[in-house]
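Listed here are the chains, written in short residue letters.
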Amino acid sequence: MKATAGQALHPGLYGCLAFGAGPYNPIPVRVLLVEDDRALSRAVRDGLTAQGMAVDPVGSVRDARAMLPTNPYDCIVLDLGLPDEDGLGLLRELRERGDEIPVLVLTARGTVEDRVGGLNAGADDYLLKPFAFPELTARIRALIRRGGSAVPTVLQVADLELDPGRFRVTRAGVAISLTAKEFAILECLMTHAGQLVTRTMLLDQCWDASYEGLSNLVDVHVGRVRRKLEVTGGPPLLHTVRGAGFVLDARPR
Ligand code: CA
């Protein structure tokens, strides 16, 4: 049975997206979405992005192969019925060369043999279309946790604290409200406290591939983070290193 674009979406998917529901993902997560159904791809991308994840959508195995070596993905969401090749072929290829990136297979194929085939090929999880959106995000999070991506405990630099598990930032005990993007940026800077974080590092960690053409995008977002950190009146923590990037450091510069 072949699912059409309309059938592939669970009614709850639209409801969830419409309300922008669900907690932000506390870990900066970058997902490669391999799905040729454009409507579904767009809905999944928008939904995951609203959760603070960076998502690169592609519609073929060939495009997935092109994206994989150049981007640090935490997870692949993989459709099987793709226009050029079977998604299982890509999965086998990854596993044969020892790549253990978590892969969630997303497909309308529902027979027992299909499931067994997918898991034998090295899938970490399997979600049948139609699916409920919260289930997809919950499974992606679970996969990334199991995949060993570092889920840090509360990060602290001077009086600044960031709790990834609760999506919460405080300075001197005062709560600071950040967007999902700003949170991801600050988490990246705090993880590398005292070290140079380049614009490229931030783009890789916190953005998907569609940022091109906006050269000052990182600076704009980092500027907002800096202003929010200084609202409490404490000394500056986030410093610009001219021509290189940024450093989050309690020591004056
Ligand atoms: Ca398909």
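Keep in mind it's a predicted model, so treat the numbers as computed, not measured.

Draft legend 1. Up close: the overall build of the protein. Within the protein, the regular secondary structure consists of 10 helices and 12 strands. Relative to its full complement of 253 residues, the protein shows a buried share of 36%. Considering only contacts in the protein between residues 6 or more positions apart, those separated by 24 or more positions represent 64%.

Draft legend 2. Structural view of helix 9 (residues 199-206). Listed as buried for helix 9 are Leu202, Gln205 and Cys206. Down the axis of helix 9, the buried set is contained in an arc of 75°. They therefore lie on one face. Tucked into the core, helix 9 has its buried residues touching strand 2 (54-58), helix 8 (180-191), strand 10 (197-198) and helix 10 (217-230).

Draft legend 3. Layout of the confidence of the model for the protein. Across the protein, the average pLDDT comes to 80, with 79% of residues at or above 70. Here helix 2 (residues 11-19) is the element of the protein with the lowest mean pLDDT, 33, and helix 4 (residues 61-67) is the one with the highest, 97. Predicted confidence for residues 1-26 stays below pLDDT 50, and this span has 51 contacts to residues more than four positions away or in other chains. Within the model, the stretch residues 148-152 combines pLDDT values under 50 with eight contacts to residues more than four positions away or in other chains.

Draft legend 4. How the structure looks around the nonpolar core. Membership of the largest hydrophobic core comes to 58 residues, with the highest contact counts inside it found for Val31, Val34, Cys75, Val77, Leu78, Leu104 and Leu186. Two domains each donate at least three residues to this core, and these are domain 1 (5-146) and domain 2 (155-248). Once residues within four sequence positions are removed from consideration, Val77 is found in contact with Val31, Leu33, Val34, Val44, Leu104 and Leu106.

Draft legend 5. Structural context of the packing of helix 8 against helix 10. Where helix 8 meets helix 10, the axes come as close as 10 Å, and the angle between the chain directions of the two elements is 85°. The angle between helix 8 and helix 10 falls in the class roughly perpendicular. Here helix 8 contributes Lys181, Glu182, Ile185 and Leu186 to the contact with helix 10, which in turn contributes His221, Val222, Arg224 and Val225. For the contact of helix 8 with helix 10, the residue count by class is four nonpolar, one polar and three charged.

Draft legend 6. Local environment of the sheet that holds strand 8 (residues 168-171). Strand order in the open sheet formed by four strands is 6-7-8-9, with antiparallel pairing between adjacent strands. Looking at strand neighbours, the two that pair on one side only are strand 6 (155-157) and strand 9 (174-176), the edges of this open sheet. Across the sheet, the axes of successive neighbouring strands diverge by a mean angle of 25°, strand direction being ignored. Across the sheet, helix 8 is in contact with strand 6, strand 7 (160-163) and strand 8; its angle to strand 6 comes to roughly 70°.

Draft legend 7. Region of the structure containing the sheet that holds strand 12 (residues 245-248). Strands sit in the order 10-12-11 across an open sheet of three strands; the sheet is antiparallel. Looking at which strands have only one partner, the edges of the open sheet turn out to be strand 10 and strand 11 (238-241). Judged from the two bridges that link them, strand 10 and strand 12 form a sheet pairing that is antiparallel. Looking across to strand 12, one finds that Thr198 is bridged to Gly245.

What counts as what
- Residues numbered from 1 in each chain as written.
- Predicted model: local features only at pLDDT ≥ 70, side-chain atom pairs only at ≥ 80, totals over all residues.
- Helix = DSSP H or I, 4+ residues; strand = E, 2+ residues; numbered from the N terminus.
- Buried ≥ 20, exposed ≤ 12 C-beta atoms within 10 Å, placed from the backbone.
- Contact = placed C-beta atoms within 7 Å.
- Arc of directions from axis to C-beta.
- pLDDT = per-residue confidence, 0-100.
- Core = buried A, V, L, I, M, F, W, Y, C linked by C-beta atoms within 7 Å.
- Domains from an automatic or database assignment.
- Axes fitted to C-alpha atoms, helices over the stretch in contact; angles between N-to-C directions.
- Parallel < 35°, antiparallel > 145°, perpendicular 65-115°, else oblique.
- Nonpolar A, V, L, I, M, F, W, Y, C, P; charged D, E, K, R; others polar.
- Pairing = 2+ DSSP bridges.

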